Amino acid sequence: VSRSVTGIVLAAGQGKRLKSDFPKVLHPAAGRPLIAHVLDSLSQVELRDRVIVTSTQQEAISDAVVSCGYPEGVRYVVQDPPAGTGDATRVALDSLDVSDLDVLVVPGDHPLIARRTLHALIRIHQENDAAATVLTAHVKNPAGYGRVIRRPDGQVERIVEERDADEYQRSINEVNAGIYIFDAAKLAAALEKTGRTNAQNEYYLTDVIEVFRADDEEVIAHLTDSPGDEIGVNSRAQLSRVGELIRQRTCEKWLDEGVSIVDISTTYIDATVDIGKDTTIHPFTFLEGNTTIGPRAQIGPQARIVDTEIGEEAVVSFAVVKGSRIGPQTSVGPFASIRPGTVLERGAKVGTFVETKQTTLGEDSKANHLAYLGDADIGRGVNIGAGSITCNWDGREKHKTVIEDEAYIGSDTMMVAPVKIGKRAATGAGSVVRGEVPDEALAVGVPARVLEGKGNRMAQGTDDEDVQQGE
Ligand code: UD1
Ligand code: CA
């Protein structure tokens, strides 16, 4: 039987190179904090327990971890002050019963660790009953990484941090990927034997390799074949690059799943998004958070969609849509702002320069141009004329507008809430409506007066100062 494995995530480093007031692992790549990407990777292997080593900013990290979908099954230990990766690992081990246990140690700043890498690492380690198995990678540019020093027979000898390496060692391009699995009891003992006499005055986790070697323990260096495992984020430049890589992988995944993406270099899809088959994503589109898009939809160009459900065959272009439900066969935009709480039922249409908020637009209802619909409950087959507005705010409170099935709202109607417009009722252009318009009734506003001969004075060449133009 294989031993149980506990995952340890090292996340207490200050991330000095990021020059940030926030913990490094909370910086997002492709819309998700680095630590969440790491937990996503860990969730693909069977672990008895997960321990995150944090600094004094533990609360900020645990809040983020919970809101990223890990409400339970994660424990936290505090390393204060951070004194290196070896010290961080020791703090985690102190909180565990190390007998008969393996620990999988991963850095909190590696968002691209592949599932098969973790599987391979655990398997190789346990099959060989090793004390330590370290993941290594061949990279073109090894700058910043610890270098893997192997003996002539190929066995790993030790790992040298860049800042402690000589010129020859720096030229080695097999690097420590920072991902390891250890026999927990042996690791605890080995860490005792490490010191901090190095360029950074830190306890290095990497130093245990040498300790194990000296004690004739089995140490395996496993070279990864999944590009990305070794990619850590130490700088803002790397953060940006990693975000790009994740987005590229996400787009490639959706291309594989039957989604068309016109230009992946301008398409930003969070890892949390779901998209149906035969949907096309046009350029400059942002799909964020808890968003799902049905099949055969057309999204973009220029759409930002956040926490929204979009139905099949919907068309959304040049629009910002947040916290809403956009039904099947609907159309949004160009130039629409769909704010939280909007529901568009099947076939509804929201067109140019329309803003909605906390509003339901029933089946086949349309607001094609220039409207504000807030706190409104709009039935089926309603037409909202251009320039119509729900006056939902009286200066103190919000009020509701109800528009029933098949009503016709004439252009530039001001609906002063609370107001209810009945079934198949209508309002005249420019009307100001309050209270209740009964079913089938027509509410008309005050039409403008006609003053003969007082038209365009400039064109007429008259000069009458008593009546101002436009009055
Ligand atoms: C580390 C490795 C290096 C490897 C590289 C892979 C060591 C000494 N070096 O270097 O060999 O090639 O990762 O990316 O391990 N952390 C703590 N407490 C601390 C210090 C760090 O929890 O006191 C955490 C950090 O938050 C980070 C992780 O450990 O998530 C790695 O630390 P970092 O400083 O980024 O190490 P690297 O310089 O990248
Ligand atoms: Ca790092």
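Shown above is the structure to which this text applies.
Criteria and cut-off values
- Residues numbered from 1 in each chain as written.
- Chains lettered and ligands numbered in written order.
- Predicted model: local features only at pLDDT ≥ 70, side-chain atom pairs only at ≥ 80, totals over all residues.
- Heavy atoms only, no water.
- Near = heavy atom within 4 Å.
- Polar contact = N/O pair within 3.5 Å; in protein donor to acceptor, adjacent residues only side chain to side chain.
- Areas by Shrake-Rupley, 256 points an atom, 1.4 Å probe, with all protein chains shown as cover.
- 1 Å grid on protein atoms, 1.4 Å probe; cavity = no way out; pocket = protein on both sides within 12 Å on 5 of 7 lines; lining within 4 Å.
- Sits in = over half its atoms within 2 Å of the grid points.
- Helix = DSSP H or I, 4+ residues; strand = E, 2+ residues; numbered from the N terminus.
- Nonpolar A, V, L, I, M, F, W, Y, C, P; charged D, E, K, R; others polar.
- Points joined across faces, edges and corners; volume = space filled by probe spheres on them.
- Contact = heavy atoms within 4.5 Å.
- Donors = N, O, S within 2.8 Å, 3.2 Å for Na, K, Ca; no water.
- Buried < 20%, exposed > 50% of the residue type's maximum accessible area, 1.4 Å probe, protein only.
- Pairing = 2+ DSSP bridges.
- Salt bridge = Lys/Arg side-chain N within 4 Å of Asp/Glu carboxyl O.

Student: What's the story with the site of ligand 1 in this structure? I'm lost.
Tutor: Looking at ligand 1, there are 24 residues lining it, with Gly84, Thr85, His110, Glu161 and Asn176 nearest. Residue Arg17 places a side-chain N or O atom 3.3 Å away from an oxygen atom belonging to ligand 1. Here Asn176 contributes a backbone N or O atom positioned 2.7 Å from an oxygen atom of ligand 1. When isolated, ligand 1 has an accessible area of 750 Å², and the protein chains bury 91% of it. Here ligand 1 is seated within the largest pocket. Within the residue set of the shell around ligand 1, elements represented by two or more residues are strand 1 (4-11), helix 3 (85-94) and strand 10 (174-183). Residue composition of the shell around ligand 1, grouped by class: 10 nonpolar, 10 polar and four charged.

Student: Looking at this model, I keep getting lost on unusual backbone geometry. Mind explaining?
Tutor: Note on backbone geometry: most residues besides glycine have negative phi, and most peptide bonds are trans. Here the amide bond leading from Gly300 into Pro301 is cis, since omega sits at 0°, within 30 degrees of zero. Structurally, the position occupied by Pro301 is in the loop between strand 18 (298-299) and strand 19 (303-306). In this model, Ala417 is joined to Pro418 through a cis peptide bond whose omega is 0°. One can find Pro418 in strand 35 (residues 414-421). Of note in this structure, Arg296 is not a glycine but carries a positive phi near 60°.

Student: What exactly am I supposed to notice about the layout of surface pockets here?
Tutor: Empty space left among the atoms is revealed by rolling a probe the size of a water molecule over them. Empty space within the largest pocket amounts to approximately 1,500 Å³. Lining the largest pocket are 47 residues, and of these Arg17, Lys24, Asp109, Gly144 and Asn234 lie nearest its centre. The set of elements that each furnish at least two residues to the lining of the largest pocket consists of strand 1, helix 3, strand 10 and helix 8 (236-256). Split by residue class, the lining of the largest pocket holds 18 nonpolar, 18 polar and 11 charged. The computed volume of the second largest pocket comes to approximately 420 Å³. Surrounding the second largest pocket, 14 residues form its lining, His37, Gln44, Pro111, Leu112 and Ile246 being those nearest its centre. Those elements giving two or more residues to the lining of the second largest pocket turn out to be helix 1 (34-42) and helix 8. Its residues assigned to classes, the lining of the second largest pocket shows six nonpolar, four polar and four charged.

Student: What is the right way to read the side chain of Gln169 from this model?
Tutor: In this structure, Gln169 sits in helix 5 (residues 167-170). Ignoring sequence-local partners within four residues, the contact set of Gln169 consists of Arg147, Ile149, Arg158, Val160 and Asp164.

Student: I'm lost on the coordination of the calcium ion (ligand 2) in this one. Help?
Tutor: Protein-derived ligands of the calcium ion (ligand 2) are Asp109 (OD) and Asn234 (OD1), with the metal-ligand distances lying across 2.4 to 2.5 Å. With Asp109 in the loop between strand 6 (101-107) and helix 4 (115-127) and Asn234 in the loop between strand 11 (219-223) and helix 8, this pair connects stretches of sequence that are 125 residues apart. No difference in accessibility class separates Asp109 from Asn234, as the two residues are buried.

Student: Would you explain the pairing of strand 16 (residues 285-288) in this entry?
Tutor: The two faces of the sheet receive side chains in turn, since in a regular strand these alternate between them. Relative to strand 16, strand 13 (residues 267-269) runs parallel, the two being bridged by three bridges. Residue Thr267 lies in a different strand from strand 16, and its bridge partner there is Thr285. As paired strands, strand 16 and strand 19 are joined by four bridges and run parallel to one another. When the sheet's bridge partners are listed, Glu288 is paired in strand 19 with Val306.

Student: Where do I start with the pattern of salt bridges in this structure?
Tutor: Pairs may arise between side chains of opposite charge once their charged atoms sit close together. Applying the stated rule across the entire model yields 27 salt bridges. We note a salt bridge from Arg151 to Asp153, for which the minimum N-O separation is 3.7 Å. A relative accessible area of 54% means that Asp153 is categorised as exposed. Residues Lys357 and Asp375 are paired through a salt bridge, measuring 3.0 Å at the closest nitrogen-oxygen approach. Linking Lys357 in strand 27 (residues 349-357) with Asp375 in the loop between strand 29 (366-374) and strand 30 (376-378), this pair joins segments that are 18 residues apart in sequence. Under the relative-accessibility criterion, Lys357 is labelled buried at 10%. Residue Asp375 is classed as buried on the basis of its relative accessible area of 12%. Put simply, Arg3, Asp100, Asp102 and Asp183 are held in one network by salt bridges that share partners.

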